[in-house]
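Observations on chain architecture
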Amino acid sequence: MTIKSLGIDQLSVEDRLDLIEQIWDSLPETPRAENIPDWHLNELARRRTEALARPGEGRPWREVLDELEAKP
């Protein structure tokens with residue numbers, strides 16, 4: 001299945017944006033555990049273990065975003 005085979009490339013930008021919105025709205029708000037690949041879960045566990053082993057090294061995401069927005 002491709003954009004071309006579905007004819008999506010022939011749609012106007014407005015229609016494509018509408019289609020994106022429809023697809024987005026069709027996704028479940030919370031993914032079910034059976035839909036999450038094992039390697040994702042393993043990576044999350046690894047990162048959590050690493051973060052817990054080094055408290056205070058990370059920064060809140062909001063803080064990073066605020067810093068980026070403040071730059072000229």
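Position numbers for residues start from 1 in each chain and track the written sequence from start to end. In keeping with the predicted nature of the model, local features appear solely for residues at pLDDT of at least 70, side-chain atom pairs appear and are counted solely at 80 or more, and the whole-chain, interface and lining totals rest on all residues. To obtain the side-chain values, all non-hydrogen atoms of the structure were used and water was disregarded.

Moving on to a negative patch on the surface. By definition, no residue in a patch forms a salt bridge, and every one has over 30% relative accessible area; like charges are joined within 9 Å, nonpolar side chains (Val, Leu, Ile, Met, Phe, Trp, Tyr) within 5 Å. Exposure was quantified through the Shrake-Rupley algorithm and a 1.4 Å probe, taking into account, for residues, occlusion by the shown protein chains and nothing else. Any carboxyl oxygen of Asp or Glu that lies within 4 Å of a side-chain nitrogen of Lys or Arg is treated as forming a salt bridge with it. In summary, the charge assignment counts Lys and Arg as positive and Asp and Glu as negative, without counting His or the chain termini. Charge positions are represented by NZ for Lys, CZ for Arg, CG for Asp and CD for Glu. There is a patch of like negative charges on the surface, built from Glu 14, Asp 15, Asp 18, Glu 21 and Asp 25. Secondary structure follows DSSP: runs of H or I at least 4 residues long count as helices, runs of E at least 2 residues long count as strands, and numbering of each begins at the N terminus. Within the element layout of this structure, Asp 25 appears in helix α2 (residues 13–26). Exposure remark for Asp 25: the relative accessible area of 55% places this residue in the exposed category. Three labels apply to residues, based on accessible area from a 1.4 Å probe with only protein chains included: buried if under 20% of the type maximum, exposed if over 50%, partly exposed otherwise in between.

A cluster of nonpolar side chains, namely Val 13, Leu 17 and Ile 20, defines an oily patch on the protein surface of about 300 Å² accessible area. Within the secondary structure, Ile 20 sits in helix α2. We classify Ile 20 as exposed; its relative accessible area is 53%.

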